[in-house]
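Structural overview
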Amino acid sequence: DVKVTQSSRYLVKRTGEKVFLECVQDMDHENMFWYRQDPGLGLRLIYFSYDVKMKEKGDIPEGYSVSREKKERFSLILESASTNQTSMYLCASSSTPDYRGNEQFFGPGTRLTVL
Amino acid sequence: GENVEQHPSTLSVQEGDSAVIKCTYSDSASNYFPWYKQELGKRPQLIIDIRSNVGEKKDQRIAVTLNKTAKHFSLHITETQPEDSAVYFCAASRGSNYKLTFGKGTLLTVNP
């Protein structure tokens, strides 16, 4: 059973703080993703990684960075948090596409509030 | 890049009725189309997917159809039940780059 975990369910930070969101998966998946989910906007991709130390920008990377030092761990970093980064952040992982397709398995999400 | 449009944004049906959610995509190279269900307070989970070499796929009360020429695909839920109430997301992918582009979601409410 695939398990994707995120370091916090709820987080409250102040404007200008550096924020780390961590995601860990236990299925040896190659690919990992960070999304933010806002009402009416769906799931928007921030960054993804298809291998250790590799990263690619998604659709809304501005104000974020990522780190993937180990295969199972993918971190999202907000260098200087702003109020417009208040959102639900979802991590996901997937294996390299094969006959099963590239189903993504999601973590429980971190609701971040920036004051 | 890929753009996925999803309609309607909200859908309310009576228990036992059918529900249909439609999506269109822009990238003709997309070849993988999954549907995710997100119950209130829970994480999104895959419920069904279809590849571009198939026109229709069924799984019990759920079916997905794909029209590659028109670049649209649909989710059909028959005999809806209250536990079908959730937000449903469609997505599209080229497959080779692993990235999914999601629609904005449809809030389905099934009234008992």
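**Some remarks on the overall build of chain A**
Of regular secondary structure, chain A possesses 0 helices and 11 strands. Secondary structure of chain A in N-to-C order comes out as β-β-β-β-β-β-β-β-β-β-β. Relative to the compact-globule value of 13 Å for 115 residues, chain A shows a C-alpha radius of gyration of 14 Å, a close match. The 115 residues of chain A split such that 49% are buried. In chain A, the share of contacts with a sequence separation of at least 24, taken over all contacts with a separation of at least 6, comes to 56%. Surface exposure of chain A reaches about 5,600 Å², of which carbon and sulfur atoms provide 50%.

**So, the state of the cysteines**
Following the criterion strictly, the structure yields 2 disulfides over all chains and no others. A sulfur-sulfur separation of 1.8 Å characterises the disulfide bridge that pairs cysteine 23 of chain A with cysteine 91 of chain A. Between cysteine 23 of chain A and cysteine 91 of chain A, the S-S torsion sits near -75 degrees, and that sign places the bridge as left-handed. Pair noted here: cysteine 23 of chain A is in strand E3 (residues 19-25) and cysteine 91 of chain A is in strand E9 (residues 87-94), with a separation of 68 residues, a long-range link. The exposure class of cysteine 23 of chain A is buried, given its relative accessible area of 0%. For cysteine 91 of chain A, a relative accessible area of 0% translates into the label buried. For cysteine 23 of chain B, the disulfide goes to cysteine 90 of chain B, at an S-S distance of 2.0 Å. Residues cysteine 23 of chain B and cysteine 90 of chain B are joined by a disulfide whose S-S torsion is about -100 degrees; by sign, that bridge is left-handed. Within this pair, whereas cysteine 23 of chain B is found in strand E3 (residues 19-25), its partner cysteine 90 of chain B is found in strand E9 (residues 86-92), the two being separated by 67 residues in sequence. For the residue pair cysteine 23 of chain B and cysteine 90 of chain B, the accessibility class agrees, reading buried in each case.

**As for the nonpolar core**
Membership of the largest hydrophobic core comes to 23 residues, with the highest contact counts inside it found for Trp35, Phe73, Leu75 and Leu108 of chain B. Those elements giving two or more residues to this core turn out to be strand E2 (10-14), E3, strand E4 (32-38), strand E5 (45-51), strand E7 (62-67), strand E8 (72-77), E9 and strand E11 (106-111) of chain B. Beyond its immediate chain neighbours, meaning those up to four positions away, phenylalanine 73 of chain B contacts Ile21, Lys22, Cys23, Tyr25, Phe33, Trp35, Thr65, Leu66, Cys90 and Ala91 of chain B. Counting 20 residues, the second largest nonpolar core, distinct from the first, contains Ile46, Tyr47, Ile60 and Ala81 of chain A.

Reading the values: the criteria
Residues numbered from 1 in each chain as written. Chains lettered and ligands numbered in written order. Predicted model: local features only at pLDDT ≥ 70, side-chain atom pairs only at ≥ 80, totals over all residues. Heavy atoms only, no water. Helix = DSSP H or I, 4+ residues; strand = E, 2+ residues; numbered from the N terminus. Rg over C-alpha atoms; globule rule 2.2 N^0.38 Å. Buried < 20%, exposed > 50% of the residue type's maximum accessible area, 1.4 Å probe, protein only. Contact = heavy atoms within 4.5 Å. Areas by Shrake-Rupley, 256 points an atom, 1.4 Å probe, with all protein chains shown as cover. Disulfide = S-S within 2.5 Å. Core = buried A, V, L, I, M, F, W, Y, C linked by side-chain atoms within 4.5 Å.

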